[in-house]
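# Fold and geometry: a report
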Amino acid sequence: MRITVITVIAALVGLTACGGDGGSDLGQYRDAIAAGVQADEGDDSLQTTDDEAQCIGDGTADVIGVDALEEAGTPEEVTELTQDDLAAFDLDDEQATEVAQITFDCVDDIVDQFIASFASGSEETDTCLAEELGEDDLVPLLAKSLQGAEADDPESVALVQDLEAVFQTCA
């Protein structure tokens, strides 16, 4: 269960980015991150509208900053990395939490998408999860996954145990 939860969250949100062209500006990186979020259309990926993806791109680029983005690659490379590489950019705890919170603020139905990814097959259980889980539960877990935390990382284990307790309550 622990590895599954981390894997689902990592697959659901692929939006950590890198970038590096001395002539680029932050706007290009914002758009590149947004394009990468939109391009990741796998079954387990975060589903966003264009506006939601742009919101994520704008906020994430601001958190990372143009200097760090330019140092890492071009806006085109950022788009490719954003599609499938959560740990490509070395986010510290504060940055990861900010990006996770931005994602929750930008995507209207993100909690519902998380619950759908954990779907138990029971409408009653899924309804319970929807009532019990929220940003306070999921932002820290998403932040850890954005940092590429391993499933056996002590903080990740503690977060997953808290989540498992909610699942047990609802089952």
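An account of the accompanying structure is given in this report. (Residues numbered from 1 in each chain as written. Predicted model: local features only at pLDDT ≥ 70, side-chain atom pairs only at ≥ 80, totals over all residues. Heavy atoms only, no water.)

## A closer look at the overall build of the protein
- The helix and strand inventory of the protein stands at 10 helices and 0 strands.
- Starting at the N terminus and ending at the C terminus, the protein contains elements arranged as α-α-α-α-α-α-α-α-α-α.
- By residue count, 47% of the 171 residues in the protein fall in the buried class.
- Long-range pairs, those at least 24 residues apart, make up 80% of the contacts in the protein with a sequence separation of at least 6.
- Split by element, the accessible area of the protein, about 8200 Å² in all, is 43% carbon and sulfur. (Helix = DSSP H or I, 4+ residues; strand = E, 2+ residues; numbered from the N terminus. Buried < 20%, exposed > 50% of the residue type's maximum accessible area, 1.4 Å probe, protein only. Contact = heavy atoms within 4.5 Å. Areas by Shrake-Rupley, 256 points an atom, 1.4 Å probe, with all protein chains shown as cover.)

## Topic: the side chain of glutamate 52
- Mapped onto the secondary structure, glutamate 52 falls in helix α3 (residues 50-64).
- Here glutamate 52 is buried and forms no salt bridge, its nearest opposite-charge partner arginine 30 lying at an N-O distance of 18 Å.
- Those residues within four positions of glutamate 52 in sequence are excluded, and the remaining contacts are Gln47, Cys106, Val107 and Asp108. (Lys, Arg positive; Asp, Glu negative; His and termini not counted. Salt bridge = Lys/Arg side-chain N within 4 Å of Asp/Glu carboxyl O.)

## Digging into the state of the cysteines
- Per the stated rule, a full pass over the model turns up 2 disulfides.
- Here cysteine 55 engages in a disulfide with cysteine 106; their sulfurs sit 2.0 Å apart. Judged by the torsion about the S-S bond (-65 degrees), the cysteine 55/cysteine 106 disulfide is left-handed. Here cysteine 55 is found in helix α3, whereas its partner cysteine 106 is found in helix α6 (residues 93-106), with 51 residues between them in sequence.
- Across the disulfide, cysteine 128 is cross-linked to cysteine 170 (sulfur-sulfur distance 2.1 Å). Handedness of the cysteine 128-cysteine 170 disulfide follows from its S-S torsion of about -70 degrees: it is left-handed. You can see cysteine 128 sitting in helix α8 (residues 123-132) and its partner cysteine 170 sitting in helix α10 (residues 154-170), a full 42 residues away along the chain. (Disulfide = S-S within 2.5 Å.)

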